[in-house]
Amino acid sequence: AIPHQAETILALSGDDTMEHRAIGAGAAGFILKPITRLADFQAAILPHLPPERRPSGPRAMIDVAVEPDQVAYRDDLHHAAETLRRANTEQEIAYVSQFLSGVAASAGDRALAEAAGSIGSAPAGMIPLPERISSLTAMVTSRISGSPPL
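These numbers were taken from a predicted model, which means no experiment stands behind them.

S.K.: How do you make sense of the nonpolar core when you look at a structure like this?
M.R.: Soluble globular proteins tend to bury their nonpolar side chains together. Grouped together as the largest cluster of nonpolar side chains are 21 residues, with contacts concentrated most on Leu77, Leu100, Leu112, Leu136 and Val140. Mapped by element, the contributors of at least two residues to this core are helix 3 (70-86), helix 4 (90-106), helix 5 (110-121) and helix 6 (129-146).

The following block contains the structure:
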């Protein structure tokens, strides 16, 4: 038996093309990452709460910017570098492309997000796998080595 079943399921992704699939799979709503303001997150979540769980009347919206966690970003970059080091199939490239483009977008690193997205969308066989991996690995490594000490 399930001790507690979710009342509402919301999909969360950095890929805006996933909204239709998420709703089709039964999600009540879709939230596009990155979420940069707490007020935006509240506005996206509150309408999906059951009526008895929604705040009644006016409520304070805390409009605070959400800052990316630099430790988590560095950990994600290390994970991406290791995955790229081992990648030897189109499926692995597709995974690291999606993962890294989302992580980079959340951290505000537009150049890395675009580069990661482009290797995943390159037609198989058009650009050899080692070349796609090499250029992205160089970008990831430069971000890791250029980050300040924690």
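S.K.: I keep staring at the packing of helix 3 against helix 4 and nothing clicks. Help me out?
M.R.: Relative orientation and spacing of two packed helices are given, respectively, by the angle between their axes and the distance between those axes. The geometry of helix 3 relative to helix 4 is characterised by a closest axis approach of 10 Å and an angle of 160° between their N-to-C directions. Between helix 3 and helix 4, the angle falls in the class roughly antiparallel. As helix 3 packs across helix 4, the resulting crossing turns out to be left-handed. Within the contact between the two elements, helix 3 uses Tyr73, Asp76, Leu77, His79, Ala80, Thr83, Leu84 and Arg86 and helix 4 uses Glu92, Tyr95, Val96, Phe99, Leu100, Val103 and Ala104. Split by residue class, the contact of helix 3 with helix 4 holds ten nonpolar, two polar and three charged.

S.K.: Help me out: how do you make sense of the side chain of Ser97 in this one?
M.R.: Mapped onto the elements, Ser97 comes out in helix 4. Contact partners of Ser97, with chain neighbours within four places excluded, come to Ala116, Gly117, Ile119 and Gly120.

S.K.: What should I look at first to understand unusual backbone geometry in this one?
M.R.: With an omega of 0°, the peptide bond between Lys33 and Pro34 qualifies as cis. Looking at the secondary structure, you find Pro34 in the loop between strand 2 (29-32) and helix 2 (38-45).

S.K.: Sorry if this is basic, but what is going on with the packing of aromatic side chains here?
M.R.: In this description, a pair of aromatic rings is defined by centroid distance and the angle of the planes. One pass over the full model with this rule turns up one aromatic pair. Judged by centre distance (5.8 Å) and plane angle (15°), the ring pair of Tyr95 and Phe99 falls under stacked. Highlighted residues: Tyr95 and Phe99, both in helix 4, separated by four residues, approximately one helical turn. A residue is classified by how much of its surface remains accessible, and Tyr95, at 40% relative accessible area, is partly exposed.

S.K.: It is not clear to me how helix 3 should be interpreted in this structure. Could you clarify?
M.R.: Given 3.6 residues to a turn, an α-helix orients residues that are three or four positions apart in the same direction. Spanning 17 residues, helix 3 covers 24 Å between terminal C-alpha atoms, matching the ideal 24 Å at 1.5 Å per step. Every buried residue of helix 3 is listed here: Tyr73, Arg74, Leu77, Ala80, Ala81, Thr83 and Leu84. Sitting at the amino-terminal end of helix 3 is Asp69, which places a side-chain oxygen 2.9 Å from the backbone nitrogen of Val71.

S.K.: Quick question: what am I supposed to make of the environment of Thr83 here?
M.R.: Structurally, Thr83 can be placed in helix 3. According to the relative accessible area criterion, Thr83 is buried, its value standing at 8%. The sequence separation of Thr83 and Tyr95 amounts to twelve residues, and the corresponding C-alpha distance is 9.1 Å. Not counting the four nearest positions on each side in its chain, Thr83 is found in contact with Tyr95 and Val96.

About the criteria used
Residues numbered from 1 in each chain as written. Predicted model: local features only at pLDDT ≥ 70, side-chain atom pairs only at ≥ 80, totals over all residues. Heavy atoms only, no water. Core = buried A, V, L, I, M, F, W, Y, C linked by side-chain atoms within 4.5 Å. Buried < 20%, exposed > 50% of the residue type's maximum accessible area, 1.4 Å probe, protein only. Helix = DSSP H or I, 4+ residues; strand = E, 2+ residues; numbered from the N terminus. Axes fitted to C-alpha atoms, helices over the stretch in contact; angles between N-to-C directions. Parallel < 35°, antiparallel > 145°, perpendicular 65-115°, else oblique. Left-handed = near helix turned anticlockwise from the far one by under 90°. Contact = heavy atoms within 4.5 Å. Nonpolar A, V, L, I, M, F, W, Y, C, P; charged D, E, K, R; others polar. Phe/Tyr/Trp six-rings, centres within 6.5 Å; stacked < 30°, edge-to-face > 60°. Expected span 1.5 Å × (residues − 1). Polar contact = N/O pair within 3.5 Å; in protein donor to acceptor, adjacent residues only side chain to side chain.

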